[in-house]
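Observations on the model geometry
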Amino acid sequence: MVRGYFITFEGGEGAGKTSALTGVADRLERQGYSVVTTREPGGIKISEQIRNILLDQSNTEMDARTEALLYAAARRQHLVEKVKPALEAGKIVLCDRFIDSSLAYQGYARNLGIDQIYQINQFAIDQFMPDLTLFFDIEPQNGLARIRSNQARELNRLDVEALSFHQKVYEGYQILRQRFPSRIEAIDAEQSLVNVIQLAYEKIILHINE
Ligand code: TYD
């Protein structure tokens, strides 16, 4: 039976993971792999609708637990409707963010607790974890400087949080790297996009050929 691979891309704002994902997908496809690219929150109609609520800058009154539950709800629908069917068809699924974003942003940076957020997410994912997670490693202030200089990118409700919040997100990811050392691989994202794509591609190929 063909086997799919579920590979997630993680990191703070401006780490370049979305551009890297597109670049890696192109390369994999040119090598003959069948690839599906998608993102969280979103990727399908219902989850994109939830995304609009989550990222709407006017929703300033949103409670942190409501936020965590909405991310988990978007994740559930996306997983059953898009990710799992693609994996069952033997595809490589490259997903921009997954549970680690909830653990770092809601669990650690919003102080809800990494363990608590892991628990509530089990209702959404039933222990279904990525085969490989690439963490795009960049100092938060450098990442934020990148998104602020990118005029084409509209800032969302989380982008506009203070630098201290983004530093906590970064610390949260460091904790996750220690907790899941065999799943999470770091990539130095301070480098040029071409190099970052090359490194990400190599890690994926190594994993697939394991
Ligand atoms: P997006 O514009 O896709 O940001 P990025 O390009 O940085 O991925 O917005 C997604 C935002 O949602 C981002 O700020 C991270 C946040 N997020 C969470 O806080 N928890 C989650 O579980 C997920 C999936 C995303």
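Conventions and cut-offs
- Residues numbered from 1 in each chain as written.
- Predicted model: local features only at pLDDT ≥ 70, side-chain atom pairs only at ≥ 80, totals over all residues.
- Heavy atoms only, no water.
- Near = heavy atom within 4 Å.
- Polar contact = N/O pair within 3.5 Å; in protein donor to acceptor, adjacent residues only side chain to side chain.
- Areas by Shrake-Rupley, 256 points an atom, 1.4 Å probe, with all protein chains shown as cover.
- Helix = DSSP H or I, 4+ residues; strand = E, 2+ residues; numbered from the N terminus.
- Phe/Tyr/Trp six-rings, centres within 6.5 Å; stacked < 30°, edge-to-face > 60°.
- Buried < 20%, exposed > 50% of the residue type's maximum accessible area, 1.4 Å probe, protein only.
- Pairing = 2+ DSSP bridges.
- Axes fitted to C-alpha atoms, helices over the stretch in contact; angles between N-to-C directions.
- Contact = heavy atoms within 4.5 Å.
- Salt bridge = Lys/Arg side-chain N within 4 Å of Asp/Glu carboxyl O.

What follows deals with the site of the ligand. Lys17, Tyr71, Arg97, Ser102 and Gln106 are the nearest of the 17 residues found near the ligand. Interatomic distance of 3.0 Å between a side-chain N/O atom of Arg51 and an oxygen atom of the ligand. Arg153 is positioned with one of its side-chain polar atoms (N or O) 3.1 Å from an oxygen atom of the ligand. Bound to the protein, the ligand loses 93% of the 540 Å² it would expose on its own. Secondary structure elements with two or more residues in the shell around the ligand: α1 (17-30), α2 (45-55), α3 (64-88) and α4 (99-109). Per-element tally for the shell around the ligand: the top contributor is α4, with four residues.

Before going further, it helps to examine the packing of aromatic side chains. Tallying each qualifying case throughout the model produces seven aromatic pairs. When the ring of Phe6 is compared with that of Phe98, the centres are 5.0 Å apart and the planes differ by 85°; the resulting orientation is edge-to-face. On the criterion of sequence distance, the pair formed by Phe6 in strand β1 (residues 5-11) and Phe98 in the loop between β3 (92-96) and α4 is long-range, its members being 92 residues apart. One exposure class covers both Phe6 and Phe98, and it is buried.

The next thing to look at is the sheet that holds β1. If you trace the five strands from one edge of the open sheet to the other, you get β2-β3-β1-β4-β5, paired in parallel fashion. Each edge of the open sheet carries a strand with a single partner, namely β2 (35-39) and β5 (184-188). Direction aside, the axes of adjacent strands within the sheet are offset by 20° on average. As paired strands, β1 and strand β4 (residues 132-137) are joined by five bridges and run parallel to one another. Following the sheet pairing, Gly11 is matched in β4 by Phe136. Its contacts with the sheet place α3 against β1, β2 and β3, and it is angled at close to 160° to β2.

On to the pattern of salt bridges. Within the structure shown, the criterion is met by 13 salt bridges. Residue Arg39 is joined to Glu48 by a salt bridge in which the shortest nitrogen-to-oxygen separation is 2.9 Å. Taking the relative accessible area as the measure of exposure, Arg39 reaches 33% and is therefore partly exposed. Residues Asp100 and Arg183 are paired through a salt bridge, measuring 2.7 Å at the closest nitrogen-oxygen approach. Here Asp100 is found in helix α4, whereas its partner Arg183 is found in the loop between α7 (163-179) and β5, with 83 residues between them in sequence. Accessibility assignment for this pair places Asp100 and Arg183 in one class, buried. Residues participating in the shared-partner salt-bridge network are Glu13, Arg97, Arg153 and Asp159.

Burial analysis of β4 places six of its six residues in the buried class, which makes it a mostly covered element. Side chains Leu132, Leu134 and Phe136 project from β4 onto one buried face, and the interleaved Thr133, Phe135 and Asp137 project onto a second face that is buried too. By the bridge criterion, five bridges tie β4 to β5 in an arrangement that is parallel. Residue Phe135 lies in a different strand from β5, and its bridge partner there is Ala186.

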